[in-house]
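Descriptive structure summary
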Amino acid sequence: MPPSLDPRRLDTGTLALFVGQAAAALVREQLADQGFGDLRFSHGYVFQHLIDDEPTVGELATRLAMTQQGASKAVAELERLGYCERVPDAADARVRRVRLTDRGRDAVHAARQARNALERRLTDRFGERCLAEHRDLLVRLLDELGGTPAVERRAVRPPR
């Protein structure tokens, strides 16, 4: 059995990553409890582009910095699960756009509720002021490391 590791000895980036993963796992558990257990963390990268837009698969591929084949595969999987659908473009029926279904929108709503519940839990545990200070530090770190523009544009891409 490997020796235990004190989290206080981790570098800031690794610790922030692990906190994010733990938070995502809690949100995913709540989603599963609400009937969305077939969603994976990676689906969120696709969802972020379908919340306020109806891109083509090609546009989605560009935004996710992946091949059109890879984006098509991701969309096909989400279609099979009932979260999105391909529909004709209003101006050109030959063009197919990807949009969230009602189930997809319900999943987005459930995820937002789960994240809000987690925020309330953390606020109750650590206090509003303490949590706000730490959130501010994380925002400043994100900005310092150049990640803010991608977040603002909803252009966060899957890790490579």
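So, here's what we can say about the structure. (Residues numbered from 1 in each chain as written. Predicted model: local features only at pLDDT ≥ 70, side-chain atom pairs only at ≥ 80, totals over all residues. Heavy atoms only, no water.)

1. Things to note about the pattern of salt bridges
Applicable threshold: The salt bridge criterion pairs a side-chain nitrogen of Lys or Arg with a carboxyl oxygen of Asp or Glu, the two atoms within 4 Å. Burial status follows relative accessibility: with a 1.4 Å probe on protein chains alone, a residue under 20% of its type maximum counts as buried, one over 50% as exposed, and anything between as partly exposed. Segments assigned H or I by DSSP are reported as helices when at least four residues long, segments assigned E as strands when at least two residues long, and all are numbered from the N terminus.
As enumerated under the stated definition, the model contains 13 salt bridges in all. Of the charged contacts in the structure, one is a salt bridge between E79 and R86, with a shortest N-O distance of 3.0 Å. With relative accessibility at 28%, the residue E79 sits in the partly exposed group. Put simply, E85 and R99 hold a salt bridge, and the shortest N to O gap is 2.8 Å. Placement of the pair is E85 in strand β1 (residues 84-88) and R99 in strand β2 (residues 96-100), with a sequence separation of 14 residues.

2. Notes on the packing of helix α1 (residues 12-33) against helix α5 (residues 102-126)
The cut-off we apply is this: Where helices are involved, their axes are fitted lines through C-alpha atoms of the stretch in contact, as for all axes, and angles between N-to-C directions lie from 0 to 180°. The labels follow the angle: roughly parallel below 35 degrees, roughly antiparallel above 145, roughly perpendicular from 65 to 115, and oblique for the rest. In this scheme the handedness of a crossing depends on how the near helix is turned from the far one: anticlockwise by less than a right angle means left-handed, clockwise means right-handed. Note on contacts: a residue pair qualifies if any of its non-hydrogen atoms lie within 4.5 Å across the two residues.
Taken N-terminus to C-terminus, the directions of α1 and α5 make an angle of 125°; their axes are 9 Å apart at the nearest point. When the interaxial angle is binned, α1 and α5 end up oblique. α1 and α5 meet at a crossing whose hand is right-handed. Residue-level inspection shows A23, L26, V27, Q30 and L31 of α1 in contact with α5, the latter providing A107, A110, A111, A114, R115, A117, L118 and R121.

3. With respect to the environment of R135
Structurally, R135 can be placed in helix α6 (residues 128-144). Separated by 88 residues in sequence, R135 and F47 place their C-alpha atoms 24 Å apart.

The analysis is restricted to geometry; functional conclusions fall outside its scope.
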